[in-house]
Amino acid sequence: MKVTVSAPTRVDLAGGTLDLYPLYLFMGGGITINAGITIKSQVIITTREDFKININSVDLGKSTSFDSIASLDLHGETSFIQRAIASYAPECGLDVETYSQAPKGSGLGASSSLLMALSAALLKIKGEEIIIPEMIDRGAAIEAGHLGIPTGKQDYYGAVLGKIHALYFNEKGCTYEELAKDKSFAREINESLIVSFTGISHYSGANNWDICLLYTSDAADDL
């Protein structure tokens, strides 16, 4: 069985960081607006008759092989991919090839885009239904475990939904609304945006958590 899944990365138009739990709860709810773009991540998975797991990250130029899912070591530059495979644990061997068009650290949510494509592919391999909120919650948990810090969810929604959406975060979770349904407005936005890469990597996860800690500290001072 061979499964190919691609997912867009996203540009953050407004409300970045407000998708981070529990920061949006401190503010009475948060709204984030992002847009899926044509810079994508792609995953190709082919099942094997044995139990070997072969991972080839094309853009990183890294390949690793394991005798089975049980032997995954969750280390090295393919550890993120390994964590997703370990989480979904299909009962077969896999040849996994991944590719991201976005440079590492570009700030476009490339890792989340790759994780959503990989998650969807693994669910298809297992013959299970793709339920968007569940796949996103699981993806956020996988990435938080990988990074060692809490993660927001707007990147995952951007990868799964594409287009332009407003994401509303509150104690009930996340709901979303498609914006720019008019094609002429969507075209106008597209013509007004330029996406470029400076060559300087951008990692926002730790900064986002620092902001969350700052709000927590300020709240404690007010008690």
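Okay, so let's go over this structure. Everything quoted here is computed from the prediction, not taken from an experiment.

Focus: the packing of aromatic side chains
Both the distance between ring centres and the angle between the ring planes are used here to describe each pair of aromatic rings.
Here is step 1 of the chain: One pass over the full model with this rule turns up three aromatic pairs.
Here is step 2 of the chain: Look at tyrosine 21 and tyrosine 24: their rings are 6.3 Å apart centre to centre, the planes differ by 65 degrees, and that puts the pair in the edge-to-face class.
Here is step 3 of the chain: Its relative accessible area of 52% is what places tyrosine 21 among the exposed residues.
Here is step 4 of the chain: The exposure class of tyrosine 24 is buried, given its relative accessible area of 9%.
Here is step 5 of the chain: With a centroid separation of 5.8 Å and 55 degrees between ring planes, the pair formed by tyrosine 157 and tyrosine 176 is classed as tilted. Placement of the pair is tyrosine 157 in helix H5 (residues 154-161) and tyrosine 176 in strand S7 (residues 173-179), with a sequence separation of 19 residues.
Here is step 6 of the chain: With a relative accessible area of 5%, tyrosine 157 lands in the buried category.
Here is step 7 of the chain: Residue class for tyrosine 176 comes out partly exposed when judged on its relative accessible area of 40%.
Here is step 8 of the chain: Through pairs of rings, three or more aromatic residues link up here, namely Tyr21, Tyr24 and Phe169.
Here is step 9 of the chain: Cation over ring: arginine 138 sits above tyrosine 88, and NZ or CZ is 3.9 Å from the ring centre.

Describing helix H4 (residues 132-147)
Here is step 1 of the chain: Between the first and last C-alpha of H4 there are 22 Å, a value that for 16 residues agrees with the 22 Å anticipated at 1.5 Å per step.
Here is step 2 of the chain: Taken together, the buried positions of H4 are occupied by Met135, Ile136, Gly139, Ala140, Ile142 and Glu143. The buried residues of H4 occupy an angular sector of 165 degrees when projected down its axis, which confines them to one face. Exposed side chains of H4 directed beyond 90 degrees from the buried face belong to Glu134 and Ala141.
Here is step 3 of the chain: Along its buried surface, H4 packs onto helix H2 (79-88), helix H3 (110-126) and H5.
Here is step 4 of the chain: The positive-phi residue at the C-terminal boundary of H4 is glycine 148, with phi of around 80 degrees.

Section: the nonpolar core
Here is step 1 of the chain: Counting residues in each nonpolar core, the largest one holds 39 residues, and the members touching the most others are Ile45, Ile85, Leu94, Leu118 and Leu122.
Here is step 2 of the chain: Ranked by the residues each element gives to this core, the list is headed by H3, at ten residues.
Here is step 3 of the chain: The contacts of leucine 122, once residues within four sequence positions are left out, are Ile45, Ala84, Ile85, Tyr88, Pro90 and Leu94.
Here is step 4 of the chain: Counting residues in hydrophobic clusters, the runner-up holds seven residues, among them Val11, Ala102, Ala110 and Ile164.

Brief notes about H3
Here is step 1 of the chain: The end-to-end C-alpha distance of H3 is 24 Å, a good match for the 24 Å that 17 residues give at a rise of 1.5 Å each.
Here is step 2 of the chain: The buried fraction of H3 amounts to 14 of the 17 residues, a majority that puts the element mostly inside the structure.
Here is step 3 of the chain: Directly beyond the C-terminal end of H3, a positive phi value near 75 degrees is found at glycine 127.

Cut-offs and rules
Residues numbered from 1 in each chain as written. Predicted model: local features only at pLDDT ≥ 70, side-chain atom pairs only at ≥ 80, totals over all residues. Heavy atoms only, no water. Phe/Tyr/Trp six-rings, centres within 6.5 Å; stacked < 30°, edge-to-face > 60°. Buried < 20%, exposed > 50% of the residue type's maximum accessible area, 1.4 Å probe, protein only. Helix = DSSP H or I, 4+ residues; strand = E, 2+ residues; numbered from the N terminus. Lys NZ or Arg CZ within 6 Å of the ring centre and 35° of its normal. Expected span 1.5 Å × (residues − 1). Arc of directions from axis to C-beta. Contact = heavy atoms within 4.5 Å. Core = buried A, V, L, I, M, F, W, Y, C linked by side-chain atoms within 4.5 Å.

Any link to function would need more than the numbers given here.
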